[in-house]
Amino acid sequence: MAPKAAALVLLLLAISGSRADVNPDEVATVIWKYFTELGSNAKDTAEQLQLQQTELSKQLNTLLKSNLQTVSAYAEDLQQRLEPFAMELQARLAQDSQRLKEQIQRELQELQAKLAPYADQVHEQIGTNIRQLQARMAPYAEELRSQVDHSAGELRRALEPYAAELRERLQDNAESVQASLSPYAERLQRQIDGGVESVKQRLSPVADELKAQVEQSVAELRRGLSPYAQEVQDRLERQLQSLSGQMERAAEELRARLAASSEELRAQLSPLAQELREAASGDAESLRQRLQPLAQQLEQRLGQSLETFRQQAAPFGETFGQQLVQRLEEMRGKLDSGAAGVEDHLELLEKEVRDKVAAFLST
């Protein structure tokens, strides 16, 4: 585990380029992701660690030599200190796991007991927050759907003339077609790249707005519940921080999914330009024979790719809203029953990982 975590951290260093740019939160995110992967796929972990030690050390050395020439002294020192630190961190988290579970359970039971006299009001307050969140999310989900549809339509209109142009070019002589094919393919690729970037720019503000609405919703819930939990504000705050963290991660996942869908669209469209480049590199005699099917299919393939993108990305807003409502329902259930779940335990573990990583890097 430790060598791999070290490799990932050093990769961040390679990207940042200097010690001053190391972001403890980014490093903690990398290590935490590895811990969660380890927890969900823990079979034969120790054996794998033994086998990977040598190879990962080689990879670290290669990384240092190729990417970290300017900070090699610091990087080597970091490597030497980070591996035992990661080992210690894993051991500490394993030892502390049961303690954390018990702590969370006690806190939730105490919070539930203090809120018991106000159970109906608390239940209704969270219900009101859920309804407000649903009402607030609905227009943004519709806006996201509208932007996806508009972006797909706009890109379709920008690319359709290329299909007509290719059909027209086939009427020219083979030498003329071959000479103009590579510039045509390059223009098509630029249009695809520009269109995909435009799609990203259109969708990103909607993701930002959704994240802002999440923050507002949690703030309103905090204000709504504060009168009922005066004696256990710290317990309630921990639950609200956990809720906020889950919701913010859902918002970041939404942003990542939108970006990934845009890149998938690029990956589906770019082969069209590549096929044209390959056709241009062949002999002129068989060029028309190779281009004829592509000219006939180009418009259809453009339409299929854009429709797949639209169907995939358009519902993301509704799915996001459902995720947030589910988180609020789970919190209401915990306050009603005083029972902790796995998510609570992971939230506290992640906080400890981040605190320890930050403390380590600060030294």
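Fair warning: this is a prediction, and the values are worked out from it, not measured in the lab.

Thresholds, definitions, all that
Residues numbered from 1 in each chain as written. Predicted model: local features only at pLDDT ≥ 70, side-chain atom pairs only at ≥ 80, totals over all residues. Heavy atoms only, no water. Helix = DSSP H or I, 4+ residues; strand = E, 2+ residues; numbered from the N terminus. Expected span 1.5 Å × (residues − 1). Buried < 20%, exposed > 50% of the residue type's maximum accessible area, 1.4 Å probe, protein only. pLDDT = per-residue confidence, 0-100. Contact = heavy atoms within 4.5 Å. Core = buried A, V, L, I, M, F, W, Y, C linked by side-chain atoms within 4.5 Å.

1. As for helix α9 (residues 316–337)
End to end, α9 covers 32 Å across 22 residues, agreeing with the expected 32 Å (1.5 Å per residue, within 8%). Among the residues of α9, those classed as buried are Phe316, Gly317, Phe320, Gly321, Leu324, Val325, Leu328, Met331, Arg332, Lys334 and Leu335. Following α9 by one or two positions, glycine 338 has its phi on the positive side, about 75°.

2. A short note on the confidence of the model for the protein chain
Here the protein chain averages 77 in pLDDT, and 72% of its residues register 70 or above. Across the protein chain, the secondary-structure element scoring lowest on mean pLDDT is helix α3 (residues 45–67), at 45, and the one scoring highest is helix α5 (residues 119–169), at 90. Counting interchain partners and residues more than four positions distant, the pLDDT-below-50 stretch residues 10–20 has 26 contacts. pLDDT under 50 marks residues 41–57. Its contacts with residues more than four places away, or in other chains, come to 10 contacts.

3. Digging into the nonpolar core
Soluble, globular proteins show a tendency: their nonpolar side chains are buried together. Counting residues in hydrophobic clusters, the biggest one holds 66 residues, and the most contacted among them are Leu181, Leu276, Leu291 and Phe320. Contributions of two or more residues to this core are made by α4 (72–115), α5, α6 (174–225), α7 (233–280), α8 (287–313) and α9. Looking at this core, the element that brings in the most residues is α6, giving 16 residues. In this structure, leucine 291 is in contact with Leu170, Val177, Leu181, Leu276 and Ala279, ignoring residues within four places of it in sequence. Residues Leu100, Leu108, Leu348 and Leu349 belong to the second largest nonpolar core, which totals 5 residues.

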